Amino acid sequence: MLSESTSKFKNLIWPHEDDPKERLLLDPIPQEEMNQIMLKPMLKAGPGYWLLVALLAAIVLVCLFGYWFYMVRWGMGIAGIRRPVGWGVFIATFVFWIGISHSGTFVSAILRVFNAEYRRPITRAAELMTTFSLACGGLFPIIHLGRAWVVYYMIPMPNQRGLWDNFQSPLAWDLLAITTYLLSSTIYVYLPMIPDLAMARDHTTGWRHVLYKLASLGWRGLEYEWHYLHKAINILAFAIIPIMFSVHTIVSWDFAMAQQIGWRSSIFGPYFVVGAIFSGVSAVIAVLLVVRKTMNLQYFLRTEHFEALAKLVLIFSFSWAYFFFNDYLVEWYGGEWVGHQLLTLQARGPLAPFWYAMLFFNIVVPWLTLWNKKVRRSPMALFLITLGINVGMYLERFIIIPGFLQRNRLPFDWGTYSPRLPEISIALGTLALFSLLYLLASRVIPLIPVWEVLEGQLSHSRRRIGKTVVTSIAELE
Amino acid sequence: MPKKITLMGLFTDVLMTSEALDGLRLIGVREEDMSVMEGVPYTSKMLHRPHIHERIPWATLLGALTGLVVAVLLTYGTQWLYPIRVGGRPLTAIPTSLIPIYELTMLGLVLGTFLNLLWKCGFPSTKPQYYDPMINHSRIAVMVNCDMRYENDVRRVLLDKGAERVYEPERRPL
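In this text, all values refer to a predicted model and were calculated from it rather than measured experimentally.

J.: Help me understand the interface of chain A and chain B, please; the structure alone is not making it clear to me.
T.: By a frequent convention, interface size equals the accessible area lost on bringing the separate parts together. Of the residues lining the interface, 55 residues belong to chain A; the matching set on chain B comes to 59 residues. The contact between chain A and chain B buries some 5,200 Å² in all, and 68% of this surface belongs to carbon and sulfur atoms. Along the contact surface separating chain A from chain B lie one salt bridge. Notably, a salt bridge pairs A:Glu223 with B:Arg49, separated by 2.8 Å at the nearest N-O pair. If you look at where chain A meets chain B, you find 18 residue pairs in polar contact (both at pLDDT 80 or more). Sorting the residues of the side of chain A that touches chain B by element identifies helix 2 (31-43), helix 7 (170-190), helix 8 (194-203), helix 9 (206-215), helix 10 (223-256) and helix 18 (450-459) of chain A as the ones contributing at least two each. Sort the elements by how many residues they give to the side of chain A that touches chain B and helix 10 of chain A lands first, with 18 residues. In terms of residue class, the side of chain A that touches chain B is made up of 31 nonpolar, 13 polar and eleven charged.

J.: What's the story with helix 11 (residues 268-295) of chain A in this structure? I'm lost.
T.: Helical geometry: 3.6 residues make up each α-helical turn, so side chains three or four residues apart lie on a common side. Residues and elements named next belong to chain A. For helix 11, spanning 28 residues, the distance from its first C-alpha to its last is 39 Å, which sits close to the expected 40 Å at 1.5 Å a residue. In terms of residue burial, helix 11 counts as a mostly covered element, since 24 of its 28 residues are buried. Downstream of helix 11 by a residue or two, asparagine 296 has a phi angle that is positive, lying close to 55 degrees.

J.: Would you explain the nonpolar core in this entry?
T.: Nonpolar side chains in soluble globular proteins generally cluster together in the buried interior. Of all hydrophobic cores here, the largest spans 185 residues; its most connected members are A:Leu191, A:Phe300 and A:Tyr438. Ranked by residues supplied to this core, first place goes to helix 10 of chain A with 17 residues. When residues are assigned to domains, this core turns out to be shared by domain 1 (4-39 + 125-167) and domain 2 (58-121) of chain B, each giving three or more. When sequence neighbours within four positions are dropped, the list of residues in contact with A:Tyr438 reads A:Ala125, A:Ala126, A:Leu128, A:Met129, A:Phe132, A:Val287, A:Val291 and A:Leu447.

J.: What exactly am I supposed to notice about the pairing of strand 2 (residues 468-473) of chain A here?
T.: Regular strands show a simple pattern: their side chains alternate between the two faces of the sheet. Residue and element names in this part refer to chain A. Note: strand 1 (residues 460-465) against strand 2, six bridges, orientation antiparallel. The residue bridging isoleucine 465 from the neighbouring strand is threonine 468, located in strand 2. Hairpin remark: strand 1 followed by strand 2, antiparallel, with two residues in the connecting loop; positive phi at glycine 466, about 65 degrees.

Conventions we followed
Residues numbered from 1 in each chain as written. Chains lettered and ligands numbered in written order. Predicted model: local features only at pLDDT ≥ 70, side-chain atom pairs only at ≥ 80, totals over all residues. Heavy atoms only, no water. Contact = heavy atoms within 4.5 Å. Buried area = accessible area lost by both parts, 1.4 Å probe. Salt bridge = Lys/Arg side-chain N within 4 Å of Asp/Glu carboxyl O. Polar contact = N/O pair within 3.5 Å; in protein donor to acceptor, adjacent residues only side chain to side chain. Helix = DSSP H or I, 4+ residues; strand = E, 2+ residues; numbered from the N terminus. Nonpolar A, V, L, I, M, F, W, Y, C, P; charged D, E, K, R; others polar. Expected span 1.5 Å × (residues − 1). Buried < 20%, exposed > 50% of the residue type's maximum accessible area, 1.4 Å probe, protein only. Core = buried A, V, L, I, M, F, W, Y, C linked by side-chain atoms within 4.5 Å. Domains from an automatic or database assignment. Pairing = 2+ DSSP bridges.

Here's what the structure looks like:
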């Protein structure tokens, strides 16, 4: 009997105590030390930084603006868009950037509303991604106009030709939605930044002091200032979530409202939103890993944060796969001949490499890797997986937009699409623009909300229950 | 009219700060004559201060209403003033109008909230103010505005309750 009971305990693992110092909110340091960790990389930039800025600026000038002005001069014909593919890389990239913009709102607003404490050090870096990706995406409707100088036609104002916006068009909804989202997310990133700008104001001199002094609006940290700030942030957090959902739903309606086969699907709204959050959160992980390494923010950005975000990525990979399969199955089951042509185009036609690559990066890789804690805690693995997800999500937009336009109900009107150098160059130029804006912002804007981290550390403590010590989180309000 | 003086005490702990505030109340300092400056948002409960109560954020609602009115004028008003009849489609349709109405209402709500914050806090403030940058060094500043006759009592209370330093601040440009 004794040997039998002993054998039952042979393979048991005794739980070990986690080191509380691994967790940011249980590892407080003096406020001034935190401020210095935050300010040091902002105030000092090495030659490598400036070299990268110069390189990115050159790419933006040549690839984005250079080719854009070249296209304005010689016409949209130098791009690859032809009948029947009227929307190509430009619109796919536009949708991609709008998708990335969901990163900040999800990480900041939704996690704030659900009191997910791990959001505290990552909110601002994610929100800045929203602002800059919207700025990049917002260029494309103007680029795609060709004659960009007539963009003012979109503004509802009296004119001699009696032209007015058609508010029943999804394109007009797009203009309103993206403008609303850009303004809202800019205000939402700015408000919580005010106390940190005031801290930077008190620690800097010269042009930085003047800049932070103006931007901090005279903040002194009085009780009523904190009260109204908290109230405003809470209202905005709740308000910006439906705005976020509406933006990518409206972008999806650019396609779903059309009669184009493969586009006319009532699932497009939620499908696009889930895909946007999926690519957005993945982009947050990739960007934050770079930020942590280059700005020495290891104190603030810890393995626990990336592990939590990686779990979210896995959940959204499941959700995206669900919506993808939903859309695919309905088309496959419907039996419409042209619908099957589209599915054949993807599975066996010229779109096949992109389609299989999309499924590989968006489903196979996350499902095979992100369930594993070691992978979720490995920076290099996470970086590669999330980059792959963003490639996969770009391919998804490429397949849906120019891919599906290659087939329609009139076989004589079928075509193929090959992006040309101006399109590829402009798309890459916006990637360089996003990186450049983020690089410049990282040296001017405090990327970590130190006051929010301090607030979190205030609420976290350790207490004993039975034989173990557990983390306890107080409700401060 | 008795002359007023402003004193500032610096504390390192929120408990000492709240006890100092209680002590100031005991000697007759009014709530509106006491202010607390902090680098970390300690709540009014922690500091034992009255909660700033605001039942309805009126500016937020006003902003949303403004956005709604602008959206209705744009979607319905412009189409009626300058109608372009397209065969078979209504001039103004409720389902399609709801989308710009929703977006502009939310934009108004966000702008209203932002402007409300600026208004309530008196931002932007460019004139010199009483301030101590030590609040960025884990300090909590208690600012008291009182008659000069009670200066010694206020200093005594602040120091007895653990103030690191009590001094008469000057208005400084931020």
